[in-house]
Amino acid sequence: MKLVLPEKMKEIDKKTIEELGVPSLLLMESAAAAVELQVLSFSPRKILLLCGRGNNGGDAYAAGRKLLARGLEVSALSLGMPVTKEARLNYRLFKAFGGRVCKYTELTKKTRSFISEHDLILDGLFGVGFKGSLSAEMIDLIEYVNALSAIKVAVDIPSGVDGTNGSINPIAFKANATVTFGAGKPGHFFFPGCVYTGTLHIARIGFPERLVEDLSNIELVDDQLAKALLPERIPWGHKGTFGKVCIVGGSSDYTGAALLAALGSMKIGAGIVYTFTPREAQEIVRNNLPEAICIASKSVVLTPEDVDALIALLDKVDALVVGPGIGRADETIDFVKELLSSKRLKSLGAVIVDADALYAVSRVPETIKRKGNFILTPHPGEFSRLTKKPIEEVVNNMDTVKSFAMEMELQLTLKGAVSIIADKSGGIWLNNTGNTGLAKGGSGDLLSGTIAGLSAQGLPPLEALVLGSYFMGKAAELTDKYEATLSASVIAANYGKVFEYLKAYESDSRDKRYN
């Protein structure tokens, strides 16, 4: 599903009106109709509109007028006279239909009493273009409204939520449901914005689909996309048909990391999984995953002396993971540098660089530049080290992820509650599957192995990354266990449920709800 940045939505709106000749009032009327239907679904008795001075307020006035026409009791709390002609017209029509308008300047006892009389509150204060921080008066109003038991519906995006990155400053309208127009916005899906959005309803109101496609380079990884990417399992296939993966990692401190990555590759469908680890980690893999072929390094850590043996092993495999639990010994950093510089890696379907291999890469970034089959899987701390930017600047920062992927000419996911995926073309994919059960050690190892397993089955690097990210998150969602009790190995055991879920999935209309 395509997502659109606020500034691009403004451009789509402008092109629809000025180039295609669709009257802006007609678009506002269609938006109001969508809001009206959502409000009616809650069967309210008394409705209060919170109206700003722009077109977001105009949408609310228009929806309010439609609700008045149905015989419902509707009032408005206004920040002042509307500033656009469309909003002014709908303000006048709202009053002409019998709507009561009260001006808001501060949260007095009288204002509190007036607001609390209503059982549904419609937020039309600010639109998707909101930036910066709310005023003290708006903070008081929104805090009071949020504390009420009334149903809350937002027009386009909850007031106070940044439509680009989902940030709030310092609070936002907490909606039960949000009706947005044309396409979802990234801020609806990033945390904490998605918490304030509630259930998202995407309404087509007359924007041409081609404009959305042309002006958006962001896509939400949804069930439809995931099903389309699933590799085929031919009935006559054998273990060689479904690809071979090599997991390189492990150390005395992190003996289970390579095991979890190998488990990800195995559970996602790879035919053969090799591990190349120090001996301590080899024993852990061998004792817990007998299906894996376990090869030990020459010493207690991976060193440059191991590179030749590993390069020889790569003749047998289709995808490579480097980094889970590998450690930061000086010899190991040299090992990673020498391995990633090898021309032999060019022939692999994908090379997934994860965990402490990313630490090594941050010291020798030239080892990853212009490696089209490389996939990097950093968390914010690792990405901060790679980009030399503070962590708070990289979290939910699509531009930084995109710029890095384009500069290095590779695939990258910035892992998080909502992961940002980018490739060298400048495209962005957001994956919001998963839950807090993934906030555990070992989840990153499982992910890197999952991606490698999909690559080994023939998916191009970007597709393997997109589907692997979705798959692990969906497995966490579909478990029947409480999410706090989950672990990477438990989530891997749930992969079969995701295959069954996608097999049963039928493509639905784009105009649907997103929880």
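Whatever comes next refers back to the structure up there.
Heads up: these notes are all about the structure in this document. Worth saying up front: this structure is predicted, and the values here are computed from it rather than measured.

1. Description of unusual backbone geometry
Inference 1: In this chain, N169 is followed by P170 through a cis amide linkage whose omega measures -10°.
Inference 2: Tracing the backbone through its elements, the reader meets P170 in the loop between β6 (151-155) and β7 (177-181).
Inference 3: Here the amide bond leading from F191 into P192 is cis, since omega sits at 0°, within 30 degrees of zero.
Inference 4: Inspection of the secondary structure assignment puts P192 in the loop between β7 and α7 (193-197).
Inference 5: Not every positive phi belongs to a glycine, and R370 is a case in point at roughly 60°.
Inference 6: By the secondary structure assignment, R370 is in the loop between α14 (356-363) and β15 (374-376).
Inference 7: Here R370 falls in the exposed class, since its relative accessible area comes to 55%.
Inference 8: Phi is positive for N396, close to 60°, though the residue is something other than glycine.

2. Structural notes on the sheet that holds β15
Inference 1: Taken together, the eleven strands give an open sheet; going across it, the order is β1-β9-β18-β17-β16-β15-β14-β13-β10-β11-β12, and neighbouring strands pair in mixed fashion. The sheet is open, and its two borders are formed by β1 (2-3) and β12 (293-296), each paired with just one other strand.
Inference 2: As defined by bridge partners, strand β10 (residues 244-248) adjoins strand β11 (residues 272-277) across five bridges and the pair is classed as parallel. Across the sheet, the residue bridging to K244 is I272, located in β11.

3. Some points on the pattern of salt bridges
Charged atoms that come close allow side chains of opposite charge to pair.
Inference 1: Summed over all chains, the structure comprises 17 salt bridges.
Inference 2: Among the ionic pairs, R286 bridges to E283, the shortest N-O distance being 3.4 Å. One end of the pair is R286 and the other is E283, both in helix α11 (residues 279-288) and three residues apart, which spans about a single turn.

4. Points about the packing of aromatic side chains
Inference 1: Counted by the stated rule, this structure contains six aromatic pairs.
Inference 2: Relative to Y495, the ring of F471 lies with its centre 5.2 Å away and its plane at 70°, an arrangement referred to as edge-to-face. Of this pair, F471 sits in helix α19 (residues 461-478) while Y495 sits in helix α21 (residues 495-504), and the two are 24 residues apart along the sequence. Each member of the pair F471 and Y495 is classed as buried.
Inference 3: Taken together, Y61, Y91 and F94 form an aromatic cluster joined through their ring pairs.
Inference 4: Looking at R233, its charged tip hangs above the ring of F242, at a distance of 3.7 Å from the centre.
Inference 5: The positively charged end of R328 is found above the aromatic ring belonging to Y359, 4.2 Å away from the centroid.

5. Focus on helix α4 (residues 85-96)
Inference 1: Taking 1.5 Å per residue as the helical rise, α4 with its twelve residues ought to reach 16 Å, and the 16 Å between its terminal C-alpha atoms agrees with that figure.
Inference 2: Listing the buried residues of α4 in full gives E86, A87, N90, Y91 and F94. Along α4, the residues classed as buried sweep out an arc of 135° about the axis, all on the same side. The exposed set on the far side of α4, more than 90 degrees from its buried face, consists of K85, R92 and A96.
Inference 3: Of the residues one or two after α4, G98 is the one with positive phi, at around 100°.

6. Examining the side chain of S297
Inference 1: Along the chain, S297 turns up in the loop between β12 and α12 (307-313).
Inference 2: Relative accessible area serves as the criterion here: at 5%, S297 is assigned to the buried category.
Inference 3: Within polar-contact distance, the side chain of S297 engages the backbone oxygen of S299 at 2.9 Å.
Inference 4: Residue contacts for S297: discarding those within four places in its chain leaves F276, T277, P278, R279, L302 and D306.

7. Regarding helix α17 (residues 398-408)
Inference 1: Residues M398, T400, V401, F404, A405 and M408 constitute the buried set of α17.
Inference 2: With a side-chain oxygen positioned 3.2 Å from the backbone nitrogen of D399, the residue opening α17 is N397.
Inference 3: Of the residues trailing α17, E409 is marked for its positive phi of about 60°.

Rules used in this analysis
Sequence order as written defines residue numbering, which begins from 1 separately in each chain. Where totals are concerned, whole chains, interfaces and linings use all residues; where local detail is concerned, this predicted model gives features only for residues with pLDDT of at least 70, and gives and counts side-chain atom pairs only at 80 or more. The side-chain numbers reported here are obtained from all heavy atoms of the structure, hydrogens and water having been left aside. Secondary structure counts use DSSP, requiring at least four H or I residues in a row for a helix and at least two E residues in a row for a strand, with both numbered from the N terminus. Per-residue accessibility, obtained with a 1.4 Å probe over protein chains only, is compared with the maximum for each type, and a residue is labelled buried under 20%, exposed over 50%, and partly exposed between these values. In this analysis, strands are considered paired if DSSP registers two or more bridges between them. By definition, a salt bridge exists where a carboxyl oxygen of Asp or Glu is found within 4 Å of a side-chain nitrogen of Lys or Arg. Think of it this way: a Phe, Tyr or Trp ring, Trp meaning its six-membered ring, pairs with another when their centres are within 6.5 Å, and the plane angle makes it stacked under 30 degrees, edge-to-face over 60, tilted otherwise. The criterion for a charge sitting over a ring is simple: Lys NZ or Arg CZ within 6 Å of the ring centre, and within 35 degrees of the ring normal. Helices are assigned an expected span. That span is 1.5 Å times one less than the residue count. The arc in question is the one traced by the directions running from the helix axis out to the C-beta atoms. In protein, a polar contact requires one atom able to donate a hydrogen and another able to accept it; more generally it is a pair of N or O atoms within 3.5 Å, and residues adjacent in sequence count only if both atoms are side-chain atoms. Note on contacts: a residue pair is in contact if any heavy atoms of the two residues lie within 4.5 Å.

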